[in-house]
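Tertiary structure, described
As a plain string of letters, each chain reads:
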Amino acid sequence: MVTTVLFLSTAATSVWAAPISADEKAAFQQQCMGDFTTFCGDLTPEDGPGTQACFEKNMAKLSTGCREAIQSFKQAKRG
């Protein structure tokens, strides 16, 4: 559990390599913790590129909330 929390603390800022707000980070953490544990739990918390690849690979299997948090982050990054 500690590893998952550490992951979500670092991944939210490193996975898509752009700064995000505290609110976006909190949404990502809340929405994607279970998905990370289920699909990417074998990765280390510092594995940003690996985590991104894992989420991309499993995008269709991720919870709706996690997919929306990722898409929202990607839209904000582009905008």
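It should be noted that the structure appears before, not after, this text.
The paragraphs below set out a description of the structure included in this document. What you see as residue numbers is a count from 1 along each chain, following the sequence as written. Side-chain atom pairs in this predicted model are given and counted only at pLDDT of 80 or more, local residue features only at pLDDT of at least 70, and totals for whole chains, interfaces and linings cover all residues. Where side-chain values are given, they derive from all heavy atoms of the structure, hydrogens and water being excluded.

1. Overview of the overall build of the protein chain
Numbering of helices and strands starts at the N terminus; helices are DSSP runs of H or I of at least 4 residues and strands are runs of E of at least 2. Scanning the protein chain for helices and strands turns up four helices and zero strands. Every one of the 79 residues in the protein chain was classed for burial, and the buried ones make up 37%. Should any heavy atoms of two residues lie within 4.5 Å, those residues are counted as being in contact. Put simply, of all contacts in the protein chain between residues at least 6 apart along the chain, 54% involve residues at least 24 apart. Computed with the Shrake-Rupley method and a 1.4 Å probe, the accessible areas treat only the protein chains shown as cover for residues. Here the protein chain displays about 4500 Å² of accessible surface, and carbon together with sulfur accounts for 55% of that area. When a residue's accessible area, from a 1.4 Å probe over protein chains only, is under 20% of the maximum for its type it is buried; when over 50% it is exposed; and in between it is partly exposed.

2. Concerning the packing of aromatic side chains
Centres within 6.5 Å make a pair out of two Phe, Tyr or Trp rings, where for Trp the six-membered ring is used; the pair is then stacked when the planes are under 30 degrees apart, edge-to-face when over 60, and tilted otherwise. Tallying each qualifying case throughout the model produces one aromatic pair. When the centroid spacing of 6.0 Å and the interplanar angle of 80° are considered together, the rings of Phe28 and Phe55 count as edge-to-face. One end of the pair, Phe28, is in helix H2 (residues 22–40); the other, Phe55, is in helix H3 (residues 48–57), and 27 residues separate them in sequence. The residues Phe28 and Phe55 share a single accessibility class, namely buried.

3. Some details on the side chain of Asp35
Mapped onto the fold, Asp35 is located in helix H2. In this view, Asp35 contacts Cys40, Phe55, Lys61, Leu62, Ser63 and Cys66; residues no more than four positions away in its chain are not counted.

4. With respect to the nonpolar core
Ranked by size, the top nonpolar core spans eleven residues in total: Phe28, Cys32, Phe36, Cys40, Leu43, Cys54, Phe55, Met59, Leu62, Cys66 and Ile70. Put simply, the parts of the chain that give this core at least two residues each are H2, H3 and helix H4 (64–78). If you tally residues by element for this core, the top one is H2, at four residues. Buried residues of nine kinds, namely Ala, Val, Leu, Ile, Met, Phe, Trp, Tyr and Cys, make up a nonpolar core once their side-chain atoms join them within 4.5 Å.

5. Digging into the environment of Cys54
Here Cys54 lies in helix H3. For Cys54 and Cys40, which are 14 residues apart along the polypeptide, the C-alpha to C-alpha distance reads 6.1 Å.

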